[in-house]
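Chain by chain, the residues:
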Amino acid sequence: MKELLERIQTEGVVIGDSILKVDSFLNHQIEPSFILKIGREIADRFSGERITKVLTIEASGIAVAMAVGLALGVKVVFAKKGHASTQTGDIYTAPVYSFTRQEEVNIFVSSKFLTPHDAVLIVDDFLAHGQALKALVDIVRQAGSVLVGAGIVIEKQFQGGRESLQESRIRIESLATIKSMREGKIEFA
Ligand code: 5GP
């Protein structure tokens, strides 16, 4: 997606050699018209597939997931982080280690919202080490839903998330794939 690559180059801020901030349109300020285009593009990559739900993780996945859900005409479920004390009934849960925050959190989804009748497309803003995606795949499996694939806005290839998910045989579509970010220079694959 050419426009996305251009905006990452012009607006992205590299922290160290591994963190990319795209706060101007995705992670802090949200630009609805652009996020809708991103959502449409992810939906198009999976055209022809039966998809009944989009699944993401709070908070920064929600805007993109909503755009994908809108394009597909399906509901969006977001996994919540932290304690499930406010949740009543059965839940699916999985741990996620965050390299950016250096902490482990549990995410959970109510069993009301994902069932064996669902065919699920996972959506997230970034794929880095693959921890968040792995946990979401785990939740889809717990629910007994069909896993259609994952649509990612920005994949940081050098952090190995895709390889770490090889065993789950998940189809991953990324709109922008970054090969390296050494010395603040963003190089696309
Ligand atoms: P992973 O679990 O694949 O290591 O990391 C993916 C999650 O961490 C995403 O949900 C995303 O919110 C966050 N993340 C990972 N790398 C970055 C980054 O470079 N920039 C931002 N803004 N978020 C990131």
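Residues numbered from 1 in each chain as written. Predicted model: local features only at pLDDT ≥ 70, side-chain atom pairs only at ≥ 80, totals over all residues. Heavy atoms only, no water.

### A look at the sheet that holds strand β7 (residues 119-127)
Move 1: What the eight strands build is an open sheet, ordered β5-β6-β4-β3-β7-β8-β9-β10; its pairing is mixed. In this open sheet, the two strands that pair with only one neighbour each are β5 (91-98) and β10 (187-188).
Move 2: Here two bridges tie strand β4 (residues 75-81) to strand β6 (residues 103-110), and the two strands are oriented antiparallel to one another. Following the sheet pairing, Lys80 is matched in β6 by Phe108.
Move 3: The sheet contacts of helix α1 (residues 2-11) involve β8 (146-156), β9 (172-180) and β10, and relative to β9 the element is tilted by about 35°.
Move 4: Along the sheet, helix α3 (residues 32-45) makes contact with β7, β8 and β9, crossing β9 at roughly 115°. (Pairing = 2+ DSSP bridges. Helix = DSSP H or I, 4+ residues; strand = E, 2+ residues; numbered from the N terminus. Contact = heavy atoms within 4.5 Å. Axes fitted to C-alpha atoms, helices over the stretch in contact; angles between N-to-C directions.)

### Some thoughts on the pattern of salt bridges
Move 1: Counted under the stated rule, the structure contains 13 salt bridges.
Move 2: Residue Arg171 pairs with Glu49 through a salt bridge whose shortest N-O separation is 3.5 Å. On the criterion of sequence distance, the pair formed by Arg171 in the loop between α6 (161-164) and β9 and Glu49 in the loop between α3 and β3 (53-57) is long-range, its members being 122 residues apart.
Move 3: Residue Arg171 is joined to Glu173 by a salt bridge in which the shortest nitrogen-to-oxygen separation is 3.1 Å. (Salt bridge = Lys/Arg side-chain N within 4 Å of Asp/Glu carboxyl O.)

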